[in-house]
Amino acid sequence: MKKTAEPWDINLETVLPKITDKQQECLSFIATFFRDNQYYPSRREIAAHMGITPAAANQHIMLLEKKGYLTVETGERRNIRLTASALQRLAIDERRDDQ
């Protein structure tokens, strides 16, 4: 007899939208920067960290927002915010790194 899946048996890796290595680097940097500074990085700071242009950093931010990992508050400086999905993705990756 096949066991039915329980809600707590969900594999978040298969539910969360896939992201590229560069998007993962961007997301991890945003989280680390926030943890260390208690405010979010600017696009220029993200770009400098990743060795890309601010326009390229903005592309990563827009794609991460579209995938539900970030929200961008209009009309504010340092307007990037992590979502619950981002925190779940980062927790999965942290557990994977510990293994």
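Every value quoted in this text rests on a predicted model; they were computed, and no experiment measured them.

A.B. asks: Explain the packing of aromatic side chains to me, please; I cannot follow it from the model alone.
C.D. replies: Think of a pair of aromatic rings as described by two things: how far the centres are apart, and how the planes are tilted against each other in angle. All told, the structure shown has three aromatic pairs when counted by the stated rule. An angle of 55 degrees between the planes, with centres 5.7 Å apart, marks the rings of Phe 29 and Phe 33 as tilted. One end of the pair is Phe 29 and the other is Phe 33, both in helix α2 (residues 21-37) and four residues apart, which spans about a single turn. This pair shows no difference in class: Phe 29 is buried, exactly as Phe 33 is. Taking 4.4 Å as the distance between ring centres and 25 degrees as the angle between the ring planes, the aromatic pair formed by Phe 34 and Tyr 40 counts as stacked. On the basis of relative accessibility, which here comes to 27%, the residue Phe 34 falls in the partly exposed class. Residue classification places Tyr 40 among the buried positions, given a relative accessible area of 12%. Among the aromatic side chains, those forming a connected cluster through ring pairs are Phe 29, Phe 33 and Tyr 39.

A.B. asks: What exactly am I supposed to notice about the side chain of His 60 here?
C.D. replies: Residue position: His 60 is located in helix α4 (residues 54-66). Residue His 60 is classed as buried on the basis of its relative accessible area of 15%.

A.B. asks: Explain the packing of α2 against α4 here, please?
C.D. replies: For any two helices packed against each other, one specifies the crossing angle of their axes together with the interaxial distance. Packing of α2 against α4 leaves a shortest axis separation of 10 Å and a crossing angle of 90 degrees. Comparing their axes, α4 and α2 come out roughly perpendicular. Taken together, the residues of α4 that come into contact with α2 (itself represented by Lys 22, Gln 23, Cys 26 and Leu 27) are His 60, Ile 61, Leu 63 and Leu 64. For the contact of α2 with α4, the class distribution of residues is five nonpolar, two polar and one charged.

A.B. asks: What's the story with helix α3 (residues 43-50) in this structure? I'm lost.
C.D. replies: A turn of α-helix holds 3.6 residues, and therefore any two residues three or four places apart point the same way. Buried residues of α3: Ile 46, Ala 47 and Met 50, and no others. Mapping the buried residues of α3 onto a view down its axis gives an arc of 100 degrees, with all of them on the same face. Across α3 from its buried face, at more than 90 degrees, point the exposed residues Arg 44 and Ala 48. Those residues of α3 that are buried lie in contact with α2, α4 and β2 (80-82).

The rules we used
- Residues numbered from 1 in each chain as written.
- Predicted model: local features only at pLDDT ≥ 70, side-chain atom pairs only at ≥ 80, totals over all residues.
- Heavy atoms only, no water.
- Phe/Tyr/Trp six-rings, centres within 6.5 Å; stacked < 30°, edge-to-face > 60°.
- Helix = DSSP H or I, 4+ residues; strand = E, 2+ residues; numbered from the N terminus.
- Buried < 20%, exposed > 50% of the residue type's maximum accessible area, 1.4 Å probe, protein only.
- Axes fitted to C-alpha atoms, helices over the stretch in contact; angles between N-to-C directions.
- Parallel < 35°, antiparallel > 145°, perpendicular 65-115°, else oblique.
- Contact = heavy atoms within 4.5 Å.
- Nonpolar A, V, L, I, M, F, W, Y, C, P; charged D, E, K, R; others polar.
- Arc of directions from axis to C-beta.

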